[in-house]
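# Topology and contacts: notes
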Amino acid sequence: MSYPIEVALRYLGSKKRAFISVGTTFAILGVALGVAALATVMSVTGGFQAEFRDKVLGVNAHVLVIKYSTDFREYRTIMDQVAKVPGVVGAAPFSINPMMLTHGDATATGVLVKGVDPARSLGVGADGAVTPVLDLPRHILPGGDLSGLRRPGARPPERAAPPALPPVPPVEQDAGARGALEPERDEEGRNLDLLRALEARIQEDERAAAERGAADEPAAQGADFGGPAGAEEGAVAEGEGAVAAAEGALDEGAPRGAIEPEGGYDSVLPEDDVLPPDVDPDPCADKEQIARMPGIVVGAALAKNLSLEIGECVTVTSPTIGFSVSNGAIKPPVAKRFRVIAIFEAGFEQYDTKLAYADLYETQAFYDHGDTVTGVEMKVDDIDNASSIARDISKMLSNGLYYTMDWEELNHGLFTALRIQQIGMSAVLALIIVVAAFTVIATLIMVVLDKKKEIAVLKAMGATDSAILRIFLYQGGIIGLAGTTLGLLLGVAVCKGLLVYGFPLDPKVYFISRLPVQARPQEFLITGAIAILICLAATIVPSLYAARLRPAEGFRSQ
């Protein structure tokens, strides 16, 4: 051990002046607290990123391919192409649309119903032949079964045929000579085509009026011959015969004659019309019909809001207000009934309340587009390489019709905010280490001022400026190393405590129920290295002052 290190250790533990050792102790504690705070905050912010990434990837794929059109019928060809890209281990089609879910009197709007292929997306019935794209099965609560997601014999819906065009009117032979769009005119400039059309309409109206007059003539003759009394008797007889015929057409047990409501005609009708089951049967009340319904998987929070249990019926309605135009035809809203076969809990409030999964074929039936999808989603072997794989797929499909994105781009706002938060909080808490570095500077300056005579003696004995410089650099480095080591140990203890006891969070605000902590070794090493570098930089000024001190200045006060 060289004498600069021995002198530096001796100055740290000097007993001659108590304030020196106390100052060294406070300098070490300051560095330790700064390092512990920075390491803990980096672990917590890293835990938020890892937690959100796991929850996002738990219900979403790693890479998506979406077409700039609603007509994505060639998705099977795209799946075969992307499956050959290195790094892609699974591919599946999907469709996603906002729907309205109803169960009893409870209604949830804005729910994204995602249509998936049970085998390719969830591995249902695949027997390991394909790699499932989604990790949804590991989020299914006990009691759920995904095997009933697709009904036996299910097929994609047929594409609705466009409406028939109106017949083309016949074109006259000489229309080309005078112009097909120019009407025929006489010498005075009158539109002969319009006049002929008006004349034909008038003749048709006159013919219809003549037919109605011929039908009313026998009744009028009967009234003339019979006189007023005969007309009245005929009308009464005719009315009685009509009433008798109407009563004879009624079913046995049906009400006959005049019917007066209970409470008279001034009574108030009930607000809700309760129809008997035989008039308006409810399929959700029949267990046999529920068993034949297609399956649906809903989030835990959504199931709680709708009071849903596994095996119950839920109505899914397309969010169309009134009628809509689809493929040139007017179409009313579509409502389908599903059977809840499983409930998942992703731990992410946004997914647990606004996401549901159903069979791809069933979700396609809500629209008249036939066997079309929203896009193709893929799973990769390493999520950190998802962006590079997405770029490779984009280059392969570089025809301007498709758009490729990875999981981080899909949730760009969330992860950008988390990254900015981690950088900002780390920068703020790093100021604690900087403040502790000023304590190191003050401690070393006090040591240099107190040891002027010793420094002068060492220089008089032949010590070089670099040796004196190293003494105080070593002293600052030892303070930084001791404070960093103590701070890292304290940070590990705090992180372990947070993991064991779990700090509760409001899931409606933070989307998770407990404070996440991820203590990664590389972050601790980076924190320690930054602290040591700051402490070494803080020793430069007092070390240079001590190295430039002349022996005569050290003995001047003696």
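Everything discussed here concerns the structure shown above.
The paragraphs below set out a description of the structure included in this document.

Side chains of a nonpolar character, in soluble globular proteins, are inclined to be buried together. In terms of nonpolar packing, the biggest core is built from 75 residues, with Val-297, Phe-344, Tyr-357 and Ile-393 touching the most fellow members. The biggest single contributor to this core is helix H2 (residues 18-59), with 13 residues. With near-sequence residues (within four places) excluded, Val-297 lies in contact with Ile-140, Leu-146, Leu-149, Ile-341, Ala-342, Ile-343, Phe-344, Ala-356 and Tyr-357. Leu-101, Val-298, Phe-338 and Ala-356 belong to the second largest nonpolar core, which has 20 residues in total.

Together, Val-22, Phe-26, Leu-29 and Leu-486 line one region of the surface with nonpolar side chains, adding up to about 360 Å² of accessible area. With 3 residues, H2 is the single largest residue contributor to the nonpolar patch. Residue position: Val-22 is located in helix H2. The class of Val-22 is partly exposed, set by a relative accessible area of 41%.

This brings us to the pattern of salt bridges. Within the structure shown, the criterion is met by 11 salt bridges. Among the ionic pairs, Glu-362 bridges to Lys-336, the shortest N-O distance being 3.4 Å. One end of the pair, Glu-362, is in helix H10 (residues 360-364); the other, Lys-336, is in strand S8 (residues 335-344), with 26 residues separating them in the sequence. Each of the salt bridges in this network shares a partner with another, and the network as a whole consists of Arg-151, Lys-336 and Glu-362.

The next thing to look at is the packing of aromatic side chains. In the structure shown here, the tally under the stated rule is 4 aromatic pairs. An angle of 50° between the planes, with centres 6.2 Å apart, marks the rings of Tyr-68 and Tyr-403 as tilted. A residue pair is termed long-range when its members are at least 10 positions apart, and Tyr-68 in the loop between strand S1 (63-67) and helix H3 (75-82) and Tyr-403 in strand S11 (residues 402-406) qualify at 335 residues. Classification of Tyr-68 by relative accessible area gives exposed; the value is 58%. We classify Tyr-403 as partly exposed; its relative accessible area is 31%. Seen from their ring centres, Phe-338 and Phe-366 are 6.5 Å apart, and the 15° between their planes marks the pair as stacked. Remark: Phe-366 occurs in the loop between H10 and strand S10 (375-380) and Phe-338 occurs in strand S8; sequence separation between them is 28 residues.

Looking now at the environment of Arg-292. For Arg-292, the location among the structural elements is in the loop between helix H7 (287-291) and strand S4 (295-299). By relative accessible area, Arg-292 is classed as exposed at 53%. Sequence separation of Arg-292 and Pro-152 is 140 residues, and the distance between their C-alpha atoms is 9.8 Å.

Of note, Ser-307 is a non-glycine position whose phi angle comes to about 55°, a positive value. Tracing the backbone through its elements, the reader meets Ser-307 in the loop between helix H8 (300-306) and strand S5 (313-317).

Moving on, we get to the state of the cysteines. Counted under the stated rule, the structure contains 1 disulfide. One disulfide bridge connects Cys-284 with Cys-313, the sulfur atoms lying 2.1 Å from each other. Taken together, the residues Cys-284 in the loop between helix H6 (192-249) and H7 and Cys-313 in strand S5 connect sequence positions 29 residues apart. For Cys-313, a relative accessible area of 5% translates into the label buried.

Attention now goes to the packing of helix H15 (residues 465-501) against helix H18 (residues 540-547). Between H15 and H18, the shortest axis-to-axis distance is 8 Å and the interhelical angle comes to 145°. Considering only the axes of H15 and H18, their crossing is right-handed. Taking contact as the criterion, the partners of Asp-465, Ile-468, Leu-469, Phe-472 and Leu-473 in H15 are, on H18, Ser-543, Leu-544, Ala-546 and Ala-547. Residues that form the contact of H15 with H18 fall into these classes: 7 nonpolar, 1 polar and 1 charged.

The next thing to look at is H15. Here H15 contains 37 residues, and its C-alpha end-to-end distance of 54 Å stays within 8% of the 54 Å for a straight helix at 1.5 Å per residue. Just beyond H15, the residue with positive phi is Gly-502, at close to 70°.

On to the pairing of strand S3 (residues 106-116). Here 9 bridges tie strand S2 (residues 88-103) to S3, and the two strands are oriented antiparallel to one another. Within the sheet, the bridge partner assigned to Thr-102 lies in S3 and is Thr-107. Between S2 and the antiparallel strand that follows it, S3, lie 2 residues; Gly-104 among them carries a positive phi value of about 65°.

The next point concerns H3. Those residues of H3 that sit buried are Tyr-75, Ile-78, Met-79 and Val-82. Projected down its long axis, H3 shows its buried positions confined to an angular sector of 105°, all on one face. Considering only its buried residues, H3 is in contact with S1, S2, helix H4 (118-122), S10, helix H11 (386-396) and S11.

Moving on, we come to the environment of Ser-95. Assignment of secondary structure puts Ser-95 in strand S2. The class of Ser-95 is buried, set by a relative accessible area of 6%. Separated by 19 residues in the primary sequence, Ser-95 and Lys-114 have C-alpha atoms spaced 5.6 Å apart. Here Thr-363 takes part through its side chain, which lies 3.0 Å from a polar atom of the side chain of Ser-95.

Another point: the side chain of Thr-45. Relative to the helices and strands, Thr-45 is located in helix H2. Only 2.9 Å separates the side chain of Thr-45 from the backbone oxygen of Val-41, close enough to count as a polar contact. Sequence-distant contacts of Thr-45, defined by excluding residues within four places in its chain, comprise Gln-422 and Met-425.

Cut-offs applied
Residues numbered from 1 in each chain as written. Predicted model: local features only at pLDDT ≥ 70, side-chain atom pairs only at ≥ 80, totals over all residues. Heavy atoms only, no water. Core = buried A, V, L, I, M, F, W, Y, C linked by side-chain atoms within 4.5 Å. Buried < 20%, exposed > 50% of the residue type's maximum accessible area, 1.4 Å probe, protein only. Helix = DSSP H or I, 4+ residues; strand = E, 2+ residues; numbered from the N terminus. Contact = heavy atoms within 4.5 Å. Patch = residues over 30% accessible without salt bridge, like charges linked within 9 Å, V, L, I, M, F, W, Y side chains within 5 Å. Areas by Shrake-Rupley, 256 points an atom, 1.4 Å probe, with all protein chains shown as cover. Salt bridge = Lys/Arg side-chain N within 4 Å of Asp/Glu carboxyl O. Phe/Tyr/Trp six-rings, centres within 6.5 Å; stacked < 30°, edge-to-face > 60°. Disulfide = S-S within 2.5 Å. Axes fitted to C-alpha atoms, helices over the stretch in contact; angles between N-to-C directions. Left-handed = near helix turned anticlockwise from the far one by under 90°. Nonpolar A, V, L, I, M, F, W, Y, C, P; charged D, E, K, R; others polar. Expected span 1.5 Å × (residues − 1). Pairing = 2+ DSSP bridges. Arc of directions from axis to C-beta. Polar contact = N/O pair within 3.5 Å; in protein donor to acceptor, adjacent residues only side chain to side chain.

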